[in-house]
Amino acid sequence: MNKVILMGRLTRDPDVRYSQSGLAIARYTLAVDRRFVRSNEGGGDQQTADFISCVVFGKGAEFAEKYLHQGTKIAASGRIQTGSYTNRDGQKVYTTEVVVEDQEFAESKNAAAQNMGGGGYRQESRPAPSTALDDGFMNIPDGVEDEGLPFN
């Protein structure tokens, strides 16, 4: 079985190109933190990460082009693909990348904005909660922060 699941942040905006047939192809690199922390010579802990090359095709690539940017935290799943080619110097170069089959955001817009210094996502204005009594939903009073709601 060849299945990979990653969670990390994009190191830069996706590089999106289109094939002659019009198929979108997006490439990006995910910085994925390792579970352990390495101690450095200065006595402090140093977080280490792996930088994983990813490629996604079709609708997934169009999604990446529209919504993914440097610093965005995503969860991606797919398969590892290896390959090789001969470079200009005649040397064989081996490649490994993840062919992404599914990708989704791994944090809320608010968390992303905080992690990116407020410059990540634009906070869109939301309509006021409904005041109808028989709509089946609980009314949320004004001034209540929605940070803790599970669907934010």
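Up top is the structure.
Residues numbered from 1 in each chain as written. Predicted model: local features only at pLDDT ≥ 70, side-chain atom pairs only at ≥ 80, totals over all residues. Heavy atoms only, no water.

This part takes up the overall build of the chain. Per the secondary structure count, the chain includes 2 helices and 6 strands. Counting from the amino terminus, helix and strand elements in the chain follow one another as β-β-β-β-α-β-β-α. Buried residues in the chain amount to 23% of all 152 residues. Look at the contacts in the chain between residues 6 or more apart in sequence, and 56% of them connect residues 24 or more apart. (Helix = DSSP H or I, 4+ residues; strand = E, 2+ residues; numbered from the N terminus. Buried < 20%, exposed > 50% of the residue type's maximum accessible area, 1.4 Å probe, protein only. Contact = heavy atoms within 4.5 Å.)

Another aspect to go through is the packing of aromatic side chains. Inspection of the entire model under this criterion finds 2 aromatic pairs. Plain terms: the ring middles of Phe63 and Tyr67 are 5.1 Å apart, the flat faces sit at 45° to each other, and that makes the pair tilted. Of this pair, Phe63 and Tyr67 both sit in helix H1 (residues 59-67), 4 residues apart, roughly one helical turn. The exposure class assigned to Phe63 is partly exposed, which follows from its relative accessible area of 27%. One aromatic cluster is present, formed by Phe63, Tyr67 and Phe105 through successive ring pairs. (Phe/Tyr/Trp six-rings, centres within 6.5 Å; stacked < 30°, edge-to-face > 60°.)

Turning our eyes to something else, we now look at the side chain of Thr29. Here Thr29 is to be found in strand E3 (residues 24-39). Ignoring any residue separated from it by four or fewer positions in sequence, one finds Thr29 in contact with Arg9, Leu10, Thr11, Arg12, Phe51, Ile52 and Ser53.

Pairing of strand E5 (residues 73-86) with strand E6 (residues 92-105) involves 13 bridges; the strand directions are antiparallel. Paired with Ile80 across the strands is Val98, a residue of E6. Here E5 folds back onto E6 in antiparallel fashion, the turn holding 5 residues, of which Gly90 has a positive phi close to 80°. (Pairing = 2+ DSSP bridges.)

Turning our attention to the pairing of E5. Alignment of strand E1 (residues 4-10) against E5, held across 6 bridges, turns out to be antiparallel. Considered in E5, the bridge of Gly8 is made with Ile74.

Moving on, we come to the pattern of salt bridges. In total, this model carries 5 salt bridges according to the counting rule given. The shortest N-O distance in the salt bridge between Arg27 and Glu97 comes to 2.8 Å. Taken together, the residues span a long stretch of sequence, with Arg27 in strand E3 and Glu97 in strand E6 at a distance of 70 residues. Put simply, Asp50 and Arg34 hold a salt bridge, and the shortest N to O gap is 2.6 Å. Here the residue Asp50 occupies a position in strand E4 (residues 45-57), and Arg34 occupies one in strand E3, the gap between them amounting to 16 residues. Relative accessible area serves as the criterion here: at 29%, Asp50 is assigned to the partly exposed category. (Salt bridge = Lys/Arg side-chain N within 4 Å of Asp/Glu carboxyl O.)

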